[in-house]
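Listed below are the residues making up each chain.
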Amino acid sequence: MKILVTRPQPEAQRQAAILRDRGHEVIVSPLLDCQLIAPSFSNVPPPDALAGVIATSRNALRGFAKALGQRADTSKWTAVPLFCVGENTAALATDLGFKKRIAGDGNAVDLAAFINRKISPDAGHLLRLDREHEQPDPLIDALRSDGFMVSPLQTYRIKPVSQLSEEAQQAMERGTVDCVVLMSPATARAFCRATACGGVNLESEHTVYACLSSAVADALPRVPARCKFIADKPNQAGILSVVDRAVARQS
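Computed from a prediction, not measured in an experiment: that's the story for all the values here.

## A word on the sheet that holds strand β10 (residues 208-211)
The five strands lie next to each other as β2-β1-β9-β10-β11, forming an open sheet whose pairing is parallel. Pairing within the sheet leaves two strands with one partner each, and these edge strands are β2 (25-28) and β11 (228-230). With strand direction ignored, the average angle separating the axes of adjacent strands in the sheet is 25°. When β10 meets β11, the two strands line up parallel, connected through three bridges. Paired with C211 across the bridge in β11 is I230. Docked against the sheet, helix α7 (residues 166-174) engages β1 (2-5), β2, β9 (179-182) and β10, running at close to 120° with respect to β2.

Shown next as structure tokens:
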């Protein structure tokens, strides 16, 4: 099966390698450009005042680790408990030198409930690693409603890519893409803009869309509902299960 991978680098190549190992032909066309930024620690509590750091993105974690590498108190920060949205993020945290990783198994709101079961609001402040944006953060809102003190720390930004790669554009035009993998609503919106600019019709019954969540599927208004497959769990295993369902549909 020919699959289009759209997530930012370096995650795109990692996902592509997994899919190729499963026997698929893969086209990589990232639709978001991820840029690590230097975060400001001026309004952040010191590490010994923190009950935990929260990471729901591998890119946010990379940006945080890069910033810590320039500080004299790095070892104090890497010793703070790190609440990760899932096992993939926790695995990267291990590689980056964080000492205590606590992995959840769901989306950001699920992680809020998970944290609430692990620690109490009076355990200390929480630091939420985040991307640069002006929108409300459901995770912070959920934790604050439970009585936690939470501060955001922006460690990366994302910018939409305006067009598909030439290979992806041609494959979409010819209708030879069997499955498009979309891992976030922002990626789905970028995909819709890029295909609209490229004059690609998204109403083909041949192509299916593997969506990490219902929010991703909702960001694809031009795609027929029957062509949207939603992961049971918002993680890598969940999206691979959706791809397997797509394979069964094509066979």
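## Observations regarding the packing of aromatic side chains
According to the stated counting rule, one finds five aromatic pairs in the structure shown. Judged by centre distance (6.0 Å) and plane angle (85°), the rings of F64 and W77 are edge-to-face. Pair noted here: F64 is in helix α2 (residues 58-68) and W77 is in helix α3 (residues 74-78), with a separation of 13 residues, a long-range link. Judged by centre distance (5.8 Å) and plane angle (65°), the ring pair of F191 and Y209 falls under edge-to-face. One end of the pair, F191, is in helix α8 (residues 185-197); the other, Y209, is in strand β10, with 18 residues separating them in the sequence. Each member of the aromatic cluster is reached from another via a ring pair, and the members are F41, F64, W77 and F98. Over the ring of F41 we find R71; its NZ or CZ atom is 4.3 Å from the centre of that ring.

## A closer look at the pattern of salt bridges
Following the criterion strictly, the structure yields nine salt bridges and no others. The partner of R128 in a salt bridge is D130, with the nearest N and O atoms 4.0 Å apart. An identical accessibility class is assigned to R128 and D130; each is buried. A salt bridge links D137 to R128; its shortest N-O distance comes to 3.0 Å. Look at the salt bridges and you will find they share partners, linking E11, R58 and R62 into a network.

## What about unusual backbone geometry?
The residue after Q9, namely P10, is reached through a cis peptide bond having omega 5°. Inspection of the secondary structure puts P10 in the loop between β1 and α1 (11-21).

## Some points on the pairing of β1
The side-chain alternation of β1 yields two buried faces, one formed by K2 and L4 and the other by I3 and V5. In this structure, β1 lies alongside β2, joined through four bridges in parallel fashion. If you follow L4 over to β2, its bridge partner there is I27. In this fold, the crossover linking β1 to β2 by way of α1 has right-handed handedness. Judged from the three bridges that link them, β1 and β9 form a sheet pairing that is parallel. Among the inter-strand pairings, V5 is bridged to a residue of β9, identified as V181.

## Thoughts on the side chain of H125
Mapped onto the fold, H125 is located in strand β7 (residues 125-131). Of note is the side chain of H125, whose polar atom sits 2.8 Å from the side chain of S151. Excluding residues within four positions of it along the chain, H125 makes contact with P45, A49, L50, A51, G52, M149, V150 and S151.

## Some remarks on α2
Counting along an α-helix, one turn takes 3.6 residues, and residues three or four places apart therefore face a common direction. With ten of eleven residues buried, α2 is to be regarded as a mostly interior element. Among the residues of α2, those classed as buried are R58, N59, A60, L61, R62, G63, F64, A65, A67 and L68. Structurally, the start of α2 carries an N-cap: the backbone nitrogen of N59 is 3.1 Å from a side-chain oxygen of S57.

## Details of the environment of L129
Mapped onto the fold, L129 is located in strand β7. The buried category is assigned to L129, whose relative accessible area is 1%. As a C-alpha pair, L129 and Q154 span 25 residues in sequence and 6.0 Å in three-dimensional space. In contact with L129, not counting residues within four places along its chain, are V53, I54, A55, A60, L61, F64, L153 and T155.

Definitions and cut-offs
- Residues numbered from 1 in each chain as written.
- Predicted model: local features only at pLDDT ≥ 70, side-chain atom pairs only at ≥ 80, totals over all residues.
- Heavy atoms only, no water.
- Pairing = 2+ DSSP bridges.
- Helix = DSSP H or I, 4+ residues; strand = E, 2+ residues; numbered from the N terminus.
- Axes fitted to C-alpha atoms, helices over the stretch in contact; angles between N-to-C directions.
- Contact = heavy atoms within 4.5 Å.
- Phe/Tyr/Trp six-rings, centres within 6.5 Å; stacked < 30°, edge-to-face > 60°.
- Lys NZ or Arg CZ within 6 Å of the ring centre and 35° of its normal.
- Salt bridge = Lys/Arg side-chain N within 4 Å of Asp/Glu carboxyl O.
- Buried < 20%, exposed > 50% of the residue type's maximum accessible area, 1.4 Å probe, protein only.
- Right-handed = clockwise from strand over helix to strand, strands pointing away.
- Polar contact = N/O pair within 3.5 Å; in protein donor to acceptor, adjacent residues only side chain to side chain.

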